[in-house]
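If you want the building blocks of each chain, they are given just below.
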Amino acid sequence: MIFSPRLSAQRDPITGVRVVQVTSGGAANHHLYPSGSTCTSDGRFVVHVSREKGPPNFCCTETASGELWRLTYRRDINPFSGALTRDDLAVLFTAGEGLWAVTMPDGTETLMASFAGSRAMEVGVSPDGRFAVVTLRAGGRGRIVEVDLASCACRDVLERNGVASRARYSPLGDRILYSGAAGERVRVVNRDGTADRIFYP
């Protein structure tokens, strides 16, 4: 669905920088998770989460025209799970027990992986764009799974008691950083699941 353009712009009175407002209206809207990009690499789209029509869903706004597309129509989305694929063609996200991809701007959804019995949480995309890590929760345990985005094959990286959330690849892609419980703000594990340790308490 295409909504009418909502872009507006003004100059910041102190810096003189042009500030563009992408959304408007009485509903809450927010960017994707702060550790990932909200804009496609060519600057064509800004991807965001909107609660304008009820539960949070993903939208994209074309920066040139201001046209807004609603990409998803679901009630089970984790609104902080969105991550752009490296080719800028889709948004990966979690909903319920699954990892999904939705293409931009047409909104075609594809189930990439299903994790029966676990709540799918956040998504991180590898530097080469070929894989995604997904954090899962079930029965007081945290789990990190790597998904091959071409074949949809899944591989367990880590399972532990307590929290394993917000997994992201290191810049070289050889390690995965994630959040643990209090006192383990950032942990790091090798991509093969070895050498899990506290990186930043």
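Here's a quick rundown of the structure. (Residues numbered from 1 in each chain as written. Predicted model: local features only at pLDDT ≥ 70, side-chain atom pairs only at ≥ 80, totals over all residues. Heavy atoms only, no water.)

**Remarks on the pattern of salt bridges**
Pairing of side chains with opposite charge becomes possible as their charged atoms draw close.
Consideration 1: If you walk through the whole model with that rule in mind, you get twelve salt bridges.
Consideration 2: Its salt-bridge partner being D174, residue R175 comes within 3.1 Å of it at the nearest N-O pair.
Consideration 3: You can call R175 partly exposed: its relative accessible area is 34%.
Consideration 4: Across the pair E184 and R187 runs a salt bridge, and its minimum N-O distance is 2.7 Å. This pair shows no difference in class: E184 is buried, exactly as R187 is.
Consideration 5: One salt-bridge network, in which partners are shared between bridges, spans R160, E184, R187 and D196. (Salt bridge = Lys/Arg side-chain N within 4 Å of Asp/Glu carboxyl O. Buried < 20%, exposed > 50% of the residue type's maximum accessible area, 1.4 Å probe, protein only.)

**Some thoughts on the sheet that holds strand β14 (residues 141-148)**
Consideration 1: If you walk across this open sheet you meet the four strands as β12-β13-β14-β15, and the pairing is antiparallel. Single-partner strands in this sheet number two, and they are β12 (119-125) and β15 (154-161). On average, each strand axis in the sheet is inclined to that of its neighbour by 20°, with strand direction left out of account.
Consideration 2: Relative to strand β13 (residues 131-138), β12 runs antiparallel, the two being bridged by five bridges. Bridging across to β13, R119 finds its partner in R137. (Pairing = 2+ DSSP bridges. Helix = DSSP H or I, 4+ residues; strand = E, 2+ residues; numbered from the N terminus. Axes fitted to C-alpha atoms, helices over the stretch in contact; angles between N-to-C directions.)

**Re the sheet that holds strand β17 (residues 175-179)**
Consideration 1: What the four strands build is an open sheet, ordered β16-β17-β18-β19; its pairing is antiparallel. In this open sheet, the two strands that pair with only one neighbour each are β16 (165-169) and β19 (197-200). Averaged over all adjacent pairs, the angle separating strand axes in this sheet is 35°, with direction ignored.
Consideration 2: The sheet contact formed by β17 and strand β18 (residues 186-190) spans four bridges and is antiparallel. Directly across from R175, in β18, lies its bridge partner N190.

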